[in-house]
Amino acid sequence: MKVNNIFITLPLLSFFLLVLCASGLTAADDAAEITAMLRKLGENVSAFKSLKTDFIQEKDLAIFQSKIVMKGRIYLQKPGRIAWHVDEPVRYSVVITDKSIRQWDEDTDRVQEIALSGNPVFQNVLNQLTVWFSGDYISLLKDYDVRVLKKSPLVFEFTPKANNAAGKIIKNITIGLREDERYLKQIRILEVSGDSTTIIFNDTIFDAPIEGPDFEVKRRV
Amino acid sequence: MKRLLIILILFVCLTSCAGIPFQKTSNVPMESADPWTLVEEFRDRSPENFMLINSIVFDYSGNKLSALGYIKVDAKEKTFTVVCINPMGVKLFELAGDKDRIDSHFAMEQFTKKGNFTATVGEDIRRVYFDLTPSASAEVKKKKYKVIFDEPLGAGVVEYIFAGAGGHLVEKNYYEDNRLNWRVSYYEYRQKDGKIYPSGIILDNYKYGYGLTIKLKEIKG
């Protein structure tokens, strides 16, 4: 089933807007050290061909002073294949390749697909997701101020510059590295509204065999 | 001919029930039930203040959008706050309201571009969570498996149907000019701390041609 309307683009775009908002950061003038750290980090983090990781996503809603917890798995295979499976509290999957985006959820039980060809927005989305999950952080140095919050383990904070439209939505983004600095431990996006999203990565495995069904959205039906 | 008719009826019944993801309310004889005792018991067992996490499927013209809804309701004061996020955790809208007004704290542009989105969502929430029992002046009709209360509402008539093993509210129907305008159906009541909550709710808006399917995921208290 191929559709290209609000029902598929809205949920995806809304997520990716956050990712795109984080699509560039500029180190401060005195932050040559930070640039060097990001470069080194990128070399460490990008040293894999495939990755699978569990995640816990905590959505803190300021208005309720409470949180929604989502759990799932992410599979990444270079070049350009990402699968995002949510297991709780609803089952949902999205698979993004360099050719298409497919998604499925248990409530609608429908697979929806859109082609990436001729769709520069989603091609950009794929590129940005790849950057964040693959560790090419240097390429992100455009529109954000960066500072190191902690050196061991490394924690970086990215704050939108005044001329960055992302600042209307995002107050800052914090990424924390694992002890071995090989991969992310967590990403936290703090919004201007006071809401925040924290994604914690657990049991991350590099270069483990990833099976074809891991990139199928309906494999769990 | 008679056999053909039976097959046809069975087919219609099966196909009409196929889209409901909840257990149909069982047929329990209601002839001996006292209508106002049913209402009183239902009112006593219904929560006044509660917070719920639901999964929601919005169905419009065959297109489906699924989301997670986080709602806080004070049924006595008739106030609510609702936040809807997509399965990847991104906020779609946030509203608060009471019986007279609705305030939009946030809504994605894609939603607000079409019609009066805020008012529509707010009205649906009121239909689903407010005014779940008839007033004392309602007209009562007893059927074999259900008790029906009718009373005027605005330009039309609202109908409350109580049925099933618990004798709970299973339907609210609103008619204008003898035409069904909208219907809310309640399924599979569950208990927590002495209060009852429907595990499934379906709202059909026949006037505007859309539907909402709400599955209860968690009762927060």
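Being a predicted model, the structure only gives us computed values, none of them experimental.

What to know about the overall build of chain A
1) Next: The number of helices and strands found in chain A is three helices and 12 strands.
2) Next: Looking at the 221 residues of chain A, the share that counts as buried comes to 55%.
3) Next: A sequence separation of at least 24 residues applies to 53% of the contacts in chain A between residues at least 6 apart.

With respect to the overall build of chain B
1) Next: Counting its secondary structure elements, chain B contains four helices and 12 strands.
2) Next: The globule rule puts the C-alpha radius of gyration for 221 residues at 17 Å, and the 18 Å found for chain B is close to it.
3) Next: Taken along the three principal axes of its C-alpha coordinates, chain B extends 55 × 45 × 35 Å.
4) Next: Once local pairs closer than 6 in sequence are excluded, the contacts in chain B between residues at least 24 apart make up 46%.

Quick notes on the nonpolar core
1) Next: Counting residues in each nonpolar core, the largest one holds 52 residues, and the members touching the most others are Trp 84, Tyr 137, Phe 156, Ile 173 and Ile 175 of chain A.
2) Next: Here the element with the most residues in this core is helix H2 (residues 32-45) of chain A; it accounts for five residues.
3) Next: Sequence-distant contacts of Ile 175 of chain A, defined by excluding residues within four places in its chain, comprise Trp 132, Tyr 137, Leu 154, Val 155, Phe 156, Phe 158, Leu 184, Gln 186 and Ile 187 of chain A.
4) Next: Leu 92, Leu 95, Phe 162 and Tyr 174 of chain B belong to the second largest nonpolar core, which has 47 residues in total.

Comments concerning the confidence of the model for chain B
Atom-level detail of predicted coordinates should not be read off regions where pLDDT is low.
All names here are of chain B.
1) Next: Per-residue pLDDT for chain B averages 89, and the proportion of residues at 70 or more is 91%.
2) Next: In the model, residues 7-17 has pLDDT below 50 throughout and makes zero contacts with residues more than four positions away in sequence or in other chains.
3) Next: As scored by the predictor, the complex reaches a pTM of 0.82 and an ipTM of 0.76.

Brief notes about H2 of chain A
All names here are of chain A.
1) Next: Here H2 spans 20 Å end to end across 14 residues, near enough to the 20 Å set by a 1.5 Å rise per residue.
2) Next: Among the residues of H2, those classed as buried are Ile 34, Thr 35, Met 37, Leu 38, Leu 41, Gly 42 and Val 45. Mapping the buried residues of H2 onto a view down its axis gives an arc of 160°, with all of them on the same face. What points out from H2, more than 90 degrees from its buried face, is the exposed set Ala 32 and Glu 43.

Re the pattern of salt bridges
1) Next: Summed over all chains, the structure comprises 22 salt bridges over all chains.
2) Next: Asp 180 of chain A is the salt-bridge partner of Arg 178 of chain A, the closest N and O atoms lying 2.6 Å from each other.
3) Next: Overall, the relative accessible area of 41% leaves Asp 180 of chain A in the partly exposed class.
4) Next: A network of salt bridges, in which partner residues are shared, links Arg 91 and Glu 106 of chain A together with Lys 217 of chain B.

Let's talk about the side chain of Ser 93 of chain A
All names here are of chain A.
1) Next: Position of Ser 93 among the secondary structure elements: in strand E5 (residues 92-96).
2) Next: Its relative accessible area of 0% is what places Ser 93 among the buried residues.
3) Next: Polar side-chain contacts of Ser 93 include one of 2.6 Å to the side chain of His 85.

Observations regarding the packing of aromatic side chains
1) Next: Taken as a whole and assessed by the stated rule, the structure comprises 20 aromatic pairs over all chains.
2) Next: Put simply, the rings of Trp 36, Phe 42, Phe 149, Phe 162 and Tyr 189 of chain B touch in pairs and so form one group of aromatic residues.
3) Next: Of note, Arg 81 of chain A hangs over the ring of Phe 215 of chain A, and the distance from its end group to the ring centre comes to 4.0 Å.

As for the interface of chain B and chain A
1) Next: Counting from both sides, the interface comprises 34 residues of chain B and, opposite them, 34 residues of chain A.
2) Next: Between the two partners, chain B and chain A, sit three salt bridges.
3) Next: Between Asp 195 of chain A and Lys 91 of chain B there is a salt bridge, with its nearest N and O atoms 2.4 Å apart.
4) Next: Viewed at the interface, chain A and chain B are joined by eight residue pairs in polar contact (both at pLDDT 80 or more).
5) Next: For the side of chain B that touches chain A, the elements supplying multiple residues, two or more each, are strand E1 (49-60), strand E2 (63-74), strand E3 (79-85), strand E4 (91-98), helix H3 (109-112) and strand E12 (210-219) of chain B.
6) Next: The leading source of residues in the side of chain B that touches chain A is E2 of chain B, at eight residues.
7) Next: Class assignment for the residues of the side of chain B that touches chain A results in 18 nonpolar, nine polar and seven charged.

Points about the sheet that holds strand E6 (residues 139-142) of chain B
Residues and elements named next belong to chain B.
1) Next: Spatially, 12 strands are ordered E5-E4-E3-E2-E1-E12-E11-E10-E9-E8-E7-E6 in an open sheet, and the strand pairing comes out antiparallel. Each having just a single partner strand, strand E5 (102-107) and E6 make up the two edges of the open sheet. Strand-to-strand, the axes of this sheet are offset by a mean angle of 20°, without reference to chain direction.
2) Next: On the sheet, helix H2 (residues 35-45) packs against E6, strand E7 (146-153), strand E8 (156-163), strand E9 (168-176), strand E10 (179-192) and strand E11 (195-205) and is oriented at approximately 80° with respect to E7.

Focus: unusual backbone geometry
Residues and elements named next belong to chain A.
1) Next: Geometrically, the link from Lys 78 to Pro 79 is a cis peptide bond, its omega value of 0° lying close to zero.
2) Next: Structurally, the position occupied by Pro 79 is in the loop between strand E3 (66-77) and strand E4 (81-88).
3) Next: Here the bond from Glu 88 into Pro 89 is cis, since omega is 0°, no more than 30 degrees from zero.
4) Next: With respect to the helices, strands and loops of the structure, Pro 89 is situated in the loop between E4 and E5.
5) Next: With a phi close to 50°, Asp 203 is a non-glycine residue in the positive phi region.
6) Next: Accessibility expressed as a relative area gives 59% for Asp 203, which makes it exposed.

What about the side chain of Ser 185 of chain B?
1) Next: When you line up the elements, Ser 185 of chain B lands in strand E10.
2) Next: Apart from residues lying up to four places away in sequence, Ser 185 of chain B is in contact with Val 170, Glu 171, Gly 200, Ile 201 and Ile 202 of chain B.

Describing the environment of Ile 219 of chain B
1) Next: Along the chain, Ile 219 of chain B turns up in strand E12.
2) Next: Remark: the alpha-carbon pair of Ile 219 of chain B and Ala 163 of chain B, spanning 56 residues in sequence, is separated by 23 Å.

Thresholds applied
Every chain's residues receive numbers from 1 upward, in the order its sequence appears when written. Chain letters and ligand numbers both follow the written order, the letters beginning at A and the numbers at 1. Totals for whole chains, interfaces and linings use every residue, but because this is a predicted model, local features are given only for residues with pLDDT of at least 70 and side-chain atom pairs only at 80 or more, for both listing and counting. Heavy atoms throughout the structure, all of them, feed into the side-chain values; hydrogens and water do not. Under the scheme used here, helices are H or I runs from DSSP no shorter than 4 residues and strands are E runs no shorter than 2 residues, and both carry numbers assigned from the N terminus. Throughout this description, buried means an accessible area under 20% of the type-specific maximum (1.4 Å probe, protein chains only), exposed means over 50%, and partly exposed covers the range between. Contact definition: two residues touch when any of their heavy atoms are within 4.5 Å. As defined in this context, the radius of gyration uses C-alpha atoms, and a globule is described by 2.2 Å times the residue total to the power 0.38. Among buried residues, those of type Ala, Val, Leu, Ile, Met, Phe, Trp, Tyr and Cys that are joined through side-chain atoms within 4.5 Å constitute a nonpolar core. pLDDT expresses how confident the predictor is about each individual residue, on a scale running from 0 to 100. Expected helix span is given by 1.5 Å per residue-to-residue step, counting one fewer step than there are residues. The arc under discussion is defined with respect to the helix axis, by the directions toward the C-beta atoms. Salt bridge, as used here, is a side-chain nitrogen of Lys or Arg placed within 4 Å of a carboxyl oxygen of Asp or Glu. By the criterion applied in these results, polar contacts are pairs of N or O atoms within 3.5 Å in which, for protein atoms, one can donate a hydrogen and the other can accept it, and in which residues neighboring in sequence qualify only through two side-chain atoms. Working definition: rings of Phe, Tyr and Trp (its six-membered ring) pair if their centres are within 6.5 Å, and the pair is stacked with planes under 30 degrees apart, edge-to-face with planes over 60 apart, and tilted otherwise. When the NZ atom of lysine or the CZ atom of arginine is within 6 Å of a ring's centre and also within 35 degrees of its normal, the charge is said to sit over that ring. Throughout, the ten residues Ala, Val, Leu, Ile, Met, Phe, Trp, Tyr, Cys and Pro are labelled nonpolar, Asp, Glu, Lys and Arg are labelled charged, and all others, Gly among them, are labelled polar. Strand pairing is defined by DSSP finding a minimum of two bridges between the two strands. Helix axes are fitted only over the stretch in contact, all axes being lines through C-alpha atoms; the angle between N-to-C directions runs from 0 to 180 degrees.

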